[in-house]
Amino acid sequence: QVQLVESGGGLVQAGGSLRLSCAASGRTFSSYAMGWFRQAPGKEREFVAAISWSGGSTYYADSVKGRFTISRDNAKNTVYLQMNSLKPEDTAVYYCAASIYYSGSYYYTGEYDYWGQGTQVTVSS
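As a starting point, this report considers the structure included with it. (Residues numbered from 1 in each chain as written. Predicted model: local features only at pLDDT ≥ 70, side-chain atom pairs only at ≥ 80, totals over all residues. Heavy atoms only, no water.)

**Remarks on the nonpolar core**
Link 1 in the chain: Residues Met 34, Trp 36, Leu 81, Met 83 and Tyr 94 are the most contacted members of the largest nonpolar core, which totals 34 residues.
Link 2 in the chain: Elements with a minimum of two residues in this core: strand 3 (18–24), strand 4 (33–39), strand 5 (46–51), strand 7 (68–73), strand 8 (78–83), strand 9 (92–99) and strand 11 (119–124).
Link 3 in the chain: Once residues lying within four places of it in the same chain are set aside, the contact partners of Leu 81 are Leu 18, Arg 19, Leu 20, Trp 36, Val 48, Ala 49, Phe 68, Thr 69, Ile 70 and Tyr 94. (Core = buried A, V, L, I, M, F, W, Y, C linked by side-chain atoms within 4.5 Å. Buried < 20%, exposed > 50% of the residue type's maximum accessible area, 1.4 Å probe, protein only. Helix = DSSP H or I, 4+ residues; strand = E, 2+ residues; numbered from the N terminus. Contact = heavy atoms within 4.5 Å.)

Structure below.
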(Lines give C-alpha, C1' and ligand atoms only; values in the text may rest on other atoms or scores of the structure.)
Protein backbone atom coordinates (compact mmCIF):
# COMPACT_ATOMS: atom_id res chain seq x y z
CA GLN A 1 0.00 0.00 0.00
CA VAL A 2 1.24 3.47 -0.89
CA GLN A 3 -0.04 6.63 0.75
CA LEU A 4 0.43 9.99 -0.92
CA VAL A 5 -0.03 13.33 0.85
CA GLU A 6 0.06 16.58 -1.11
CA SER A 7 0.81 19.98 0.36
CA GLY A 8 1.71 23.48 -0.77
CA GLY A 9 -1.50 24.59 -2.43
CA GLY A 10 -3.07 27.97 -1.78
CA LEU A 11 -4.22 31.26 -3.22
CA VAL A 12 -1.83 33.23 -5.42
CA GLN A 13 -2.11 36.12 -7.84
CA ALA A 14 -1.63 35.63 -11.55
CA GLY A 15 2.07 35.61 -12.39
CA GLY A 16 2.98 34.20 -9.01
CA SER A 17 4.54 30.88 -8.02
CA LEU A 18 3.75 27.91 -5.82
CA ARG A 19 5.59 24.68 -5.08
CA LEU A 20 3.55 21.58 -4.44
CA SER A 21 4.98 18.63 -2.55
CA CYS A 22 3.81 15.04 -2.43
CA ALA A 23 5.17 12.84 0.34
CA ALA A 24 4.92 9.10 -0.25
CA SER A 25 5.01 6.18 2.14
CA GLY A 26 6.63 2.92 1.23
CA ARG A 27 10.17 1.66 0.98
CA THR A 28 10.19 1.40 -2.78
CA PHE A 29 9.29 4.98 -3.71
CA SER A 30 12.37 5.15 -5.90
CA SER A 31 10.89 2.48 -8.17
CA TYR A 32 7.62 4.36 -8.87
CA ALA A 33 6.93 6.68 -11.74
CA MET A 34 5.09 9.71 -10.38
CA GLY A 35 2.63 12.10 -11.90
CA TRP A 36 0.69 15.27 -11.19
CA PHE A 37 -2.85 15.75 -12.43
CA ARG A 38 -5.40 18.49 -11.86
CA GLN A 39 -9.15 18.80 -11.92
CA ALA A 40 -11.08 22.04 -12.25
CA PRO A 41 -14.78 22.27 -11.32
CA GLY A 42 -16.96 20.65 -13.95
CA LYS A 43 -13.99 19.28 -15.88
CA GLU A 44 -12.27 15.95 -16.17
CA ARG A 45 -9.01 15.23 -14.39
CA GLU A 46 -6.15 16.13 -16.71
CA PHE A 47 -2.48 15.31 -16.92
CA VAL A 48 -0.02 17.98 -15.82
CA ALA A 49 3.43 16.40 -15.47
CA ALA A 50 5.18 13.09 -14.85
CA ILE A 51 8.63 11.88 -13.88
CA SER A 52 10.34 8.54 -14.23
CA TRP A 53 11.55 6.54 -11.24
CA SER A 54 15.07 7.90 -11.57
CA GLY A 55 14.07 11.44 -12.40
CA GLY A 56 15.88 11.12 -15.71
CA SER A 57 12.76 11.58 -17.82
CA THR A 58 10.09 14.22 -17.38
CA TYR A 59 6.91 14.92 -19.32
CA TYR A 60 4.59 17.91 -19.40
CA ALA A 61 1.22 18.90 -20.74
CA ASP A 62 1.54 21.55 -23.44
CA SER A 63 -0.45 23.97 -21.28
CA VAL A 64 2.23 24.02 -18.55
CA LYS A 65 5.42 23.41 -20.52
CA GLY A 66 8.00 26.07 -19.75
CA ARG A 67 6.16 27.20 -16.59
CA PHE A 68 6.01 24.08 -14.40
CA THR A 69 8.84 21.79 -13.33
CA ILE A 70 8.47 18.33 -11.83
CA SER A 71 11.25 16.87 -9.73
CA ARG A 72 11.77 14.20 -7.11
CA ASP A 73 13.98 13.46 -4.13
CA ASN A 74 14.06 9.71 -3.64
CA ALA A 75 15.94 10.07 -0.36
CA LYS A 76 12.97 12.02 1.01
CA ASN A 77 10.25 9.99 -0.75
CA THR A 78 8.92 13.23 -2.17
CA VAL A 79 7.94 14.57 -5.57
CA TYR A 80 7.58 18.27 -6.28
CA LEU A 81 5.79 20.48 -8.76
CA GLN A 82 7.25 23.97 -9.08
CA MET A 83 4.66 26.21 -10.70
CA ASN A 84 5.72 29.60 -12.05
CA SER A 85 3.91 32.27 -14.06
CA LEU A 86 0.60 30.97 -12.80
CA LYS A 87 -2.55 31.81 -14.70
CA PRO A 88 -6.20 31.83 -13.58
CA GLU A 89 -6.79 28.80 -15.80
CA ASP A 90 -4.35 26.84 -13.61
CA THR A 91 -6.93 26.96 -10.83
CA ALA A 92 -7.81 23.38 -9.86
CA VAL A 93 -7.35 20.66 -7.30
CA TYR A 94 -3.93 19.13 -7.91
CA TYR A 95 -3.36 15.43 -7.30
CA CYS A 96 -0.17 13.42 -7.21
CA ALA A 97 -0.21 9.81 -8.30
CA ALA A 98 2.12 6.81 -8.22
CA SER A 99 2.53 4.23 -10.93
CA ILE A 100 3.85 0.89 -9.71
CA TYR A 101 3.68 -1.00 -12.98
CA TYR A 102 4.56 1.86 -15.29
CA SER A 103 4.00 1.07 -18.96
CA GLY A 104 4.79 4.47 -20.44
CA SER A 105 1.33 6.02 -20.71
CA TYR A 106 2.23 8.81 -18.33
CA TYR A 107 -0.66 11.06 -19.45
CA TYR A 108 -3.37 8.48 -18.71
CA THR A 109 -5.05 8.35 -15.29
CA GLY A 110 -5.39 4.57 -15.60
CA GLU A 111 -1.60 4.25 -15.58
CA TYR A 112 -1.50 5.22 -11.92
CA ASP A 113 -2.24 2.92 -9.01
CA TYR A 114 -2.35 5.29 -6.04
CA TRP A 115 -3.61 8.84 -5.63
CA GLY A 116 -3.34 11.54 -3.03
CA GLN A 117 -6.27 13.46 -1.63
CA GLY A 118 -5.49 16.60 -3.61
CA THR A 119 -4.52 20.16 -2.78
CA GLN A 120 -6.38 23.25 -3.97
CA VAL A 121 -4.58 25.83 -6.10
CA THR A 122 -6.42 29.06 -6.79
CA VAL A 123 -4.96 31.74 -9.06
CA SER A 124 -6.66 35.12 -8.95
CA SER A 125 -6.60 37.55 -11.86
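**Description of the packing of aromatic side chains**
Link 1 in the chain: Inspection of the entire model under this criterion finds eight aromatic pairs.
Link 2 in the chain: Judged by centre distance (6.2 Å) and plane angle (80 degrees), the ring pair of Phe 29 and Tyr 32 falls under edge-to-face. Both residues of the pair, Phe 29 and Tyr 32, count as buried.
Link 3 in the chain: With 4.0 Å between their ring centres and 15 degrees between their planes, Tyr 59 and Tyr 106 make a pair best called stacked. A residue pair is termed long-range when its members are at least 10 positions apart, and Tyr 59 in strand 6 (residues 58–60) and Tyr 106 in the loop between strand 9 and strand 10 (114–115) qualify at 47 residues.
Link 4 in the chain: A relative accessible area of 25% places Tyr 59 in the partly exposed class. (Phe/Tyr/Trp six-rings, centres within 6.5 Å; stacked < 30°, edge-to-face > 60°.)

**Structural notes on the pairing of strand 3**
Link 1 in the chain: Within strand 3, five of the seven residues are buried, which leaves the element mostly enclosed by the surrounding structure.
Link 2 in the chain: When strand 1 (residues 4–7) meets strand 3, the two strands line up antiparallel, connected through four bridges. Across the sheet, the residue bridging to Leu 4 is Ala 24, located in strand 3.
Link 3 in the chain: Looking at chain direction, strand 3 and strand 8 are connected through six bridges and run antiparallel. Within the sheet, the bridge partner assigned to Ser 21 lies in strand 8 and is Tyr 80. (Pairing = 2+ DSSP bridges.)

**Some details on unusual backbone geometry**
Link 1 in the chain: Backbone geometry at Asn 77 places phi at a positive 50 degrees, although glycine is not the residue there.
Link 2 in the chain: Looking at where Asn 77 falls in the secondary structure, it is placed in the loop between strand 7 and strand 8.
Link 3 in the chain: In this structure, Ser 85 is a non-glycine residue whose phi angle is positive, near 50 degrees.
Link 4 in the chain: Here Ser 85 shows up in the loop between strand 8 and strand 9.

**Let's talk about the sheet that holds strand 8**
As a general point, the strands of a sheet are linked pairwise by backbone hydrogen bonds and lie either parallel or antiparallel.
Link 1 in the chain: Reading across the sheet, the four strands line up as 1-3-8-7 and stay open at both edges, with antiparallel pairing between neighbours. Two strands lie at the open edges of the sheet, namely strand 1 and strand 7, each paired on one side alone. Across this sheet, the average inter-strand angle for adjacent strands is 15 degrees, counted without regard to direction. (Axes fitted to C-alpha atoms, helices over the stretch in contact; angles between N-to-C directions.)

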